[in-house]
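Breakdown of the fold
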Amino acid sequence: MSKYLKATATAVSLSLIAAPGFAEKLGLGRAALPEEIAAWDLDVSPDGTGLPVGSGDVLTGEELFSDSCAACHGEFAEGVGNWPKLAGGDDTLADKDPVKTVGSYWPYLSTTWDYVNRSMPFGAAQTLETDEVYAIVAYILYSNDLVDEDFVLSNENFSDIVLPNADGFIVDNRLEAESHFWNAEPCMENCKDSVEITMRAMVLDVTPEEEASAAEPEATEEVVEVAVVVEETAVAALDAELVAAGEKVFKKCKACHQIGEGAKNKTGPLLTGIVGKAAGSIEGFKYSKALMAMTEDGLVWDEDNLSAFLAKPKAFMKGTKMGFAGLKKDEDLSAIIAYLASNGE
Amino acid sequence: MSESFTSKPTSRRAFLRGTAAMAAGAVAAGSAKAATPDPLITEVQDWASGLGDGVDATPYGLPIEFESDVIRRNVEWLTADTISSINFTPIHALDGTITPQGCAFERHHSGAIELAKADYRLMINGMVETPLVFTYEDLERFPRENHVYFCECAANTGMEWAGAQLNGAQFTHGMIHNMEYTGIPLRTLLEEAGYDTAGTWVYVEGADASSNGRSIPMEKALDDVLVAFKANGEALRKEHGYPVRLVVPGWEGNMWVKWLRRIEVTDGPVESREETSKYTDVLEDGIARKWTWAMDAKSVVTSPSPQAPITHGHGPLVITGLAWSGRGAITRVDVSKDGGKTWETARLAKPGEKMALTRFYLDTEWSGEEMLLQSRAMDDTGYVQPTKAQLREVRGENSIYHNNCIQTWWVRETGEAENVEVS
């Protein structure tokens, strides 16, 4: 990013002879303002170019990570389910199933910083402060045993960090290493003595099954009818527009929660019928200690409690696993609750 | 073959087995001579007497209900959720080469966003004379071009490295689509901003939360990269980057940044998350290849295949499939029915075009014999699609990406087909 200001100055003098860059212009578009470039040009390169001034320590990072990242990446960055593991996997790259983490695989720390800064947390990208990003990255280094717990990462010491697999990459060498694939005259006859089937996909059987088939409609139709009747009564009191607005707001939740028919527990519990339900009562979901404690005290997800929780999750429930910053607008809150209420059981 | 066609199929595969059973019946009944007159011909049918839908019944038309199984499909166990995930084009059920947008595979990293043309901005900055901002309307005023290109995810066939895994061409080879794009050469925009010739790379990123940034060498950026806003004649679909995406012909789909919002001229690669921790190919010794951008020549028989079994009797059979190369044009496709012992050259529907899908046909006879069907593509650089064994010999089994091996379908006497590996 900003190092190019210098480069641009040089470019102007070069431009007189550098014809290709300055072919016929149509004069379309407008000059980008410095504030606009600053808002979008956030990428950070391996040499630290683009890194803003700031710092953060491991312990602060641990707390932030627990709040904002652990729901998917695990408390120790070990990963939850299919979500990416960020720590561990040392010396596994030549194994049958390599574990590719920041510590075991990623070549540059700038990549981690840049990605956390611009694209994380999942569903709430670009909500972290600069120092928070430093702290989280410091914690990721710590969880990979690359720094001690009193470590402070800053723009000043950033380039000192060399990740273990920095030298683990080569530039595409297919043209040389696979030059024998360019043989132009492939065999046409008697290419093998015998052919045996050595593996079958049916044996593994991991192909997705087709769900409802067109050939069996009767039974399911009845069920659907009953469901519709129930839903209509429940929804009667709800404002359809508000429900629709709530469905849009729910996009923020979708990364972790499912709702409606066939909903399952994902990173967060399924939310069908949540309004009016006792907290912590979805079967098969592993709730935080904080939530279970409030459940024992009789917490019910009525509209008031949901509203307070969704406005400021961490204020309402210190220690919640839900890595969501909260809904700032009142209209979003009433819309989401209307939408949740419209999805009864 | 216990299920009959009238029993309730419990799964796609059961359905396929049912279809195959019907085919076996057809062998006996079906011949040049019909025993009884066909009521579909001898009786006046409703559609030949009454009226159909008026115009405007469907202002934007969708496929007829009978084609409702020609849809994208997801493999749920592959990713943690559907927001950051991929699904597959039903290539087993398509013909020709152009992929309809509505069933062309999707790959999102932070979900498919809704970005209106009025809210769209494209910035060019970095090593340029004048950093510029374009609106969508601005883009429409630049001279534009039309090109047909395939877009293949680098992970296409990635689940098959360690062995035959997924039973269907859609799942093994469906991370691909092929569309006619309308757009502006990236070169035009770089020239408009006055790019510094000392800039050796461009970094491109999207407007979605993932941003999915990638570094592209300037040589490619100036060669054939398009900033596209139409596909198959109409606006891009939301899931393919509406209103504007990047088209990087022949190179891995991850570089085809959707919802393109920024192009930065730089003097080095950014080494973003997508080009370091992902989309790099681990070799057997643990060393990984990076910058493996080009998609090597590849082909697959789309029919018959596990989801498209032979349902007719013995006699004429059309074997068909797709071939493509990210390094140039397909020049030839060979087909083997015996697992690679002998090969015959298939007919190309049209001469191969650079970095676009090519349709091939082998018009043949089938008398119920088992087949181990394979196809082998060649491109105009002289590259011959390798076997899986040949690929493993160089790369091991951990690469995930860039698996362009020869695929084998085991076609049984019943017409059913299964994904297998052969010696």
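All figures in this text were calculated on a predicted structure; none of them were measured in a lab. (Residues numbered from 1 in each chain as written. Chains lettered and ligands numbered in written order. Predicted model: local features only at pLDDT ≥ 70, side-chain atom pairs only at ≥ 80, totals over all residues.)

1. Section: the overall build of chain B
Counting its secondary structure elements, chain B contains 8 helices and 24 strands. For 423 residues, the compact-globule formula gives about 22 Å, and the C-alpha radius of gyration of chain B, at 24 Å, lands near that figure. Per-residue burial over chain B gives 54% buried out of 423 residues. A separation threshold of at least 6 residues defines the contact pool for chain B, and within that pool the share at least 24 residues apart is 70%. (Helix = DSSP H or I, 4+ residues; strand = E, 2+ residues; numbered from the N terminus. Rg over C-alpha atoms; globule rule 2.2 N^0.38 Å. Buried ≥ 20, exposed ≤ 12 C-beta atoms within 10 Å, placed from the backbone. Contact = placed C-beta atoms within 7 Å.)

2. Structural notes on the overall build of chain A
When helices and strands are tallied, chain A shows 14 helices and 5 strands. Residue pairs in contact within chain A that sit at least 24 positions apart in sequence constitute 59% of those at least 6 positions apart.

3. Quick word on the interface of chain A and chain B
Counting from both sides, the interface comprises 83 residues of chain A and, opposite them, 90 residues of chain B. Among the elements of the structure, helix H1 (3–15), strand S1 (30–31), helix H2 (34–40), helix H5 (109–119), strand S4 (169–171), helix H7 (174–177), strand S5 (197–200) and helix H8 (201–204) of chain A are those that each provide at least two residues to the side of chain A that touches chain B. Element by element, the count of residues in the side of chain A that touches chain B is highest for H1 of chain A, at 7 residues. Partitioning the side of chain A that touches chain B into residue classes produces 46 nonpolar, 17 polar and 20 charged. Pairing of S1 of chain A with strand S5 (residues 132–135) of chain B, which is carried by 2 bridges, proceeds in the antiparallel orientation. Its bridge partner lying in S5 of chain B, Ala31 of chain A is registered against Leu132 of chain B. (Nonpolar A, V, L, I, M, F, W, Y, C, P; charged D, E, K, R; others polar. Pairing = 2+ DSSP bridges.)

4. Remarks on helix H3 (residues 58–68) of chain A
For H3 of chain A, the full list of buried residues reads Val58, Gly61, Glu62, Leu64, Phe65 and Ser68 of chain A. Along its buried surface, H3 of chain A packs onto strand S2 (55–57), helix H4 (70–73) and helix H6 (130–143) of chain A.

5. Here we look at the domain arrangement of chain A
All names here are of chain A. For chain A, the domain assignment lists domain 1 (45–160) and domain 2 (234–342). Centre-to-centre separation of domain 1 and domain 2, based on C-alpha positions: 29 Å. Contact with domain 1, which involves 11 residues of that partner, is made by 10 residues of domain 2. For the side of domain 1 that touches domain 2, the secondary structure elements donating two or more residues are H3 and H4. Residues of the side of domain 1 that touches domain 2, tallied by class, amount to 7 nonpolar, 3 polar and 1 charged. (Domains from an automatic or database assignment.)

6. Details of the sheet that holds strand S2 (residues 85–88) of chain B
The pairing of strands in a sheet happens through backbone hydrogen bonds and is either parallel or antiparallel. Residue and element names in this part refer to chain B. Within the open sheet, the 3 strands sit side by side as S1-S2-S3. Their pairing is antiparallel. Of all the strands in the sheet, the pair left with one neighbour each is strand S1 (73–74) and strand S3 (107–108). Where S1 and S2 come together, 2 bridges link them in antiparallel fashion. By the bridge assignment, Arg73 is partnered in S2 with Phe88.

7. A look at unusual backbone geometry
Omega for the bond connecting Met120 of chain A with Pro121 of chain A falls within 30 degrees of zero, at -5°, which places this linkage in the cis form. With an omega of 5°, the peptide bond between Tyr242 of chain B and Pro243 of chain B qualifies as cis. Relative to the helices and strands, Pro243 of chain B is located in the loop between strand S11 (234–235) and strand S12 (245–247). Of note, the phi angle at Thr157 of chain B is positive, near 70°, even though the residue is not glycine.

8. A closer look at the domain arrangement of chain B
Residue and element names in this part refer to chain B. Segmentation of chain B into domains returns domain 1 (101–168 + 175–288) and domain 2 (298–420). Each of domain 1 and domain 2 has a C-alpha centre, and the two are 29 Å apart. At the interface, 23 residues of domain 1 touch 22 residues of domain 2. Broken down by secondary-structure element, the contributors of at least two residues to the side of domain 1 that touches domain 2 are strand S6 (145–152) and strand S14 (281–282). Among the residues forming the side of domain 1 that touches domain 2, the class breakdown is 14 nonpolar, 6 polar and 3 charged.

9. A closer look at the environment of Asp302 of chain A
For Asp302 of chain A, the position within the fold is in the loop between helix H11 (289–296) and helix H12 (303–311). Separated by 265 residues in sequence, Asp302 of chain A and Ile37 of chain A have C-alpha atoms that sit 45 Å apart.

10. Overview of helix H6 (residues 186–193) of chain B
Residues and elements named next belong to chain B. Taking burial as the measure, the 8 residues of H6 include 6 buried ones, the bulk of the element. Among the residues of H6, those classed as buried are Leu186, Thr188, Leu189, Leu190, Glu192 and Ala193. In this structure, the buried side of H6 is in contact with strand S4 (121–126), S5, strand S7 (176–185), helix H7 (218–223), strand S10 (226–231) and strand S13 (260–266). Directly after H6, the chain includes Gly194, whose backbone phi takes a positive value near 70°.

11. A word on the nonpolar core
All names here are of chain B. Among the nonpolar cores identified, the biggest contains 105 residues, and Val202, Val227, Leu246 and Val247 are the most heavily contacted of them. It is S10 that contributes the most residues to this core, 5 residues altogether. Mapping this core onto the domain boundaries places at least three of its residues in each of domain 1 (101–168 + 175–288) and domain 2 (298–420). Beyond its immediate chain neighbours, meaning those up to four positions away, Val247 contacts Tyr149, Tyr181, Gly183, Val225, Leu226, Ala228 and Trp256. (Core = buried A, V, L, I, M, F, W, Y, C linked by C-beta atoms within 7 Å.)

12. Regarding the confidence of the model for chain B
Residue and element names in this part refer to chain B. Looking at chain B as a whole, the pLDDT averages 93, with 93% of positions reaching at least 70. Residue range residues 1–30 is modelled with pLDDT below 50. Its contacts to residues more than four positions away, or to other chains, number 48 contacts. With pTM at 0.82, the complex prediction returns an ipTM value of 0.90. (pLDDT = per-residue confidence, 0-100.)

13. Digging into the pairing of strand S24 (residues 417–422) of chain B
Strand residues, when the strand is regular, have side chains that alternate between the two faces of the sheet. All names here are of chain B. In terms of burial, S24 is a largely internal element, 6 of the 6 residues being buried. Every second residue of S24 is oriented toward a common face, with Ala417, Asn419 and Glu421 on one face and Glu418, Val420 and Val422 on the other, all of them buried. As judged from the 4 bridges shared by strand S23 (residues 408–411) and S24, these two strands associate in the antiparallel manner. Within S24, the residue paired with Trp410 across the bridge is Glu418. From the end of S23 to the start of S24, which pair antiparallel, there are 5 residues, and Gly415 there has a positive phi angle of about 95°.

14. Re the environment of Val116 of chain A
Residue and element names in this part refer to chain A. Along the polypeptide, Val116 turns up in helix H5. Take Val116: there are 23 C-beta atoms within 10 Å of it, and that puts it in the buried class. Sequence spacing of Val116 and Glu132 is 16 residues, and the spatial spacing of their C-alpha atoms is 9.8 Å. Discounting chain neighbours no more than four positions away, the residues touching Val116 are Val133, Ile136 and Val137.

15. Remarks on the sheet that holds S14 of chain B
Taken in spatial order, the 3 strands of this open sheet run S4(A)-S15(B)-S14(B), and their pairing is mixed. Both edges of this open sheet fall to S4 of chain A together with S14 of chain B, since each of them pairs with a single strand only.

16. Structural notes on the confidence of the model for chain A
All names here are of chain A. Confidence in the prediction of chain A, expressed as mean pLDDT, is 84, and 85% of residues score 70 or more. Below pLDDT 50 for its whole length, residues 2–21 participates in 27 contacts with residues either more than four positions away or in separate chains. For residues 212–236, every residue scores under 50 in pLDDT, and the model assigns this stretch 9 contacts once sequence neighbours within four places are set aside.

17. Quick notes on the packing of H3 of chain A against H6 of chain A
All names here are of chain A. Contact pair H3 / H6: the axes reach a minimum separation of 7 Å and the direction vectors enclose 95°. Considered as vectors, H3 and H6 are oriented roughly perpendicular to each other. Here Val58, Thr60, Gly61, Glu62, Leu64 and Phe65 of H3 come into contact with H6, specifically with Glu132, Ala135, Ile136, Ala138, Tyr139 and Tyr142. The residue makeup of the contact of H3 with H6, split by class, is 8 nonpolar, 2 polar and 2 charged. (Axes fitted to C-alpha atoms, helices over the stretch in contact; angles between N-to-C directions. Parallel < 35°, antiparallel > 145°, perpendicular 65-115°, else oblique.)

18. A few points about the pairing of S10 of chain B
Residues and elements named next belong to chain B. A large share of S10 lies buried, amounting to 5 of its 6 residues. Pairing between S7 and S10: 5 bridges, direction antiparallel. Bridging from a neighbouring strand, Gly183 pairs with Ala228 of S10. Where S10 lies against S12, 3 bridges are found, and the strand directions are antiparallel. Looking across to S12, one finds that Ala228 is bridged to Arg245. Pairing of S10 with S11, which is carried by 2 bridges, proceeds in the antiparallel orientation. Looking across to S11, one finds that Ala231 is bridged to Glu234. The hairpin turn running from S10 into S11, its antiparallel successor, is 2 residues long, and Asn232 in that turn takes a positive phi close to 50°.

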